[in-house]
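Here are the chains, one letter per residue:
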Amino acid sequence: KQEVTQIPAALSVPEGENLVLNCSFTDSAIYNLQWFRQDPGKGLTSLLLIQSSQREQTSGRLNASLDKSSGRSTLYIAASQPGDSATYLCAVSSLGRLYFGRGTQLTVWP
Amino acid sequence: EAGVAQSPRYKIIEKRQSVAFWCNPISGHATLYWYQQILGQGPKLLIQFQNNGVVDDSQLPKDRFSAERLKGVDSTLKIQPAKLEDSAVYLCASSSLSLKRRPNTEAFFGQGTRLTVV
């Protein structure tokens, strides 16, 4: 069974810092990995999707990397802003399903 | 294009009552998913439809939960009777193809329905 773990569970930083959020998965037989953002009481917004054949994807200040063999992905957020405050979820497509981690709750203060 | 639509956004009910949630997927998406997200946890798949057929309902508590997608478009998820532990956000998602058929397909999520059972 696929298990997804996200570290840290929570992170609080001042504005302007560069951040790294970590995601690990137990079964390397994945088809893709997706990073989502979730604001309080809201649904999931897809940030980046990395296919299993890719090593990284970039969108603006966000960069996600994937090391399938070691079962790890990182989401790098450059020059963080208060508007980045949200919960960030990692999900892997595996065995016909999406498996989610518990998320990292990020707070960026001015 | 319009996203995944869900209603209601919020619902508060007493335990043992029944409740229903509605979802309209992105136009043309054959696959529809219902997820349950308990506070502090990641979403967990409840049921997956391919058109109007069930692909995966192995994690659906069938004694109290039911779902249908009669015409292969919109879907309803029902809980009857509700328990306190059903308090969660219920997320609907859709994709153009099933993850079983095309595992690298991207799924798109709605805003969710927050259910509170008191």
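Residues numbered from 1 in each chain as written. Chains lettered and ligands numbered in written order. Predicted model: local features only at pLDDT ≥ 70, side-chain atom pairs only at ≥ 80, totals over all residues. Heavy atoms only, no water.

Thoughts on the interface of chain B and chain A
At the interface, 25 residues of chain B touch 21 residues of chain A. Surface buried jointly by chain B and chain A totals about 1,800 Å² across both partners, of which 49% is contributed by carbon and sulfur atoms. For the salt bridge of Asp56 of chain B with Arg97 of chain A, the shortest nitrogen-to-oxygen distance reads 2.8 Å. Taken together, the connections running from chain B to chain A amount to six residue pairs in polar contact (both at pLDDT 80 or more). Those elements that provide at least two residues to the side of chain B that touches chain A are β4 (31-37) and β5 (44-50) of chain B. Partitioned by chemical class, the residues of the side of chain B that touches chain A number nine nonpolar, 11 polar and five charged. (Contact = heavy atoms within 4.5 Å. Buried area = accessible area lost by both parts, 1.4 Å probe. Salt bridge = Lys/Arg side-chain N within 4 Å of Asp/Glu carboxyl O. Polar contact = N/O pair within 3.5 Å; in protein donor to acceptor, adjacent residues only side chain to side chain. Helix = DSSP H or I, 4+ residues; strand = E, 2+ residues; numbered from the N terminus. Nonpolar A, V, L, I, M, F, W, Y, C, P; charged D, E, K, R; others polar.)

Looking at the state of the cysteines
Applying the stated criterion across every chain, the model contains two disulfides over all chains. With a sulfur-sulfur separation of 1.9 Å, Cys23 of chain A is cross-linked through a disulfide to Cys90 of chain A. Classification of the bridge connecting Cys23 of chain A and Cys90 of chain A rests on its S-S torsion, roughly -55°, and on that basis the disulfide is left-handed. Of this pair, Cys23 of chain A sits in strand β3 (residues 19-25) while Cys90 of chain A sits in strand β9 (residues 86-94), and the two are 67 residues apart along the sequence. According to the relative accessible area criterion, Cys23 of chain A is buried, its value standing at 2%. Between the sulfur of Cys23 of chain B and that of Cys92 of chain B lies a disulfide, 1.9 Å long from S to S. Given an S-S torsion of about -70°, the disulfide between Cys23 of chain B and Cys92 of chain B has left-handed geometry. One end of the pair, Cys23 of chain B, is in strand β3 (residues 19-24); the other, Cys92 of chain B, is in strand β9 (residues 88-95), and 69 residues separate them in sequence. (Disulfide = S-S within 2.5 Å. Buried < 20%, exposed > 50% of the residue type's maximum accessible area, 1.4 Å probe, protein only.)

Focus: unusual backbone geometry
Cis geometry is found at the peptide bond from Ile7 of chain A to Pro8 of chain A, where omega equals -5°. Turning to its location among the elements, Pro8 of chain A is positioned in the loop between β1 (4-7) and β2 (10-14). In the segment running from Ser7 of chain B into Pro8 of chain B, the intervening peptide bond is cis, with an omega of -10°. Its place among the elements puts Pro8 of chain B in the loop between β1 (5-7) and β2 (10-13). Positioned with a positive phi, Ala79 of chain A is a non-glycine residue whose angle comes to about 45°. Checked against the element boundaries, Ala79 of chain A lands in the loop between β8 (72-77) and β9. Accessibility expressed as a relative area gives 38% for Ala79 of chain A, which makes it partly exposed. Positive phi, close to 80°, is recorded for Arg16 of chain B, a residue that is not glycine. Along the chain, the position of Arg16 of chain B falls in the loop between β2 and β3.

Re empty space enclosed by the protein
Rolled over the atoms, a probe with the dimensions of a water molecule shows which regions are left empty. Tallied over the full model, the rule gives one cavity of 30 Å³ or more. Its boundaries defined by the atoms lining it, the largest cavity holds a volume of some 30 Å³. The wall of the largest cavity is formed by Gly41 and Lys42 of chain A together with Arg9, Tyr10, Val89, Gln111, Gly112, Thr113 and Arg114 of chain B. Here the lining of the largest cavity is built from residues that sort into two nonpolar, four polar and three charged. (1 Å grid on protein atoms, 1.4 Å probe; cavity = no way out; pocket = protein on both sides within 12 Å on 5 of 7 lines; lining within 4 Å. Points joined across faces, edges and corners; volume = space filled by probe spheres on them.)

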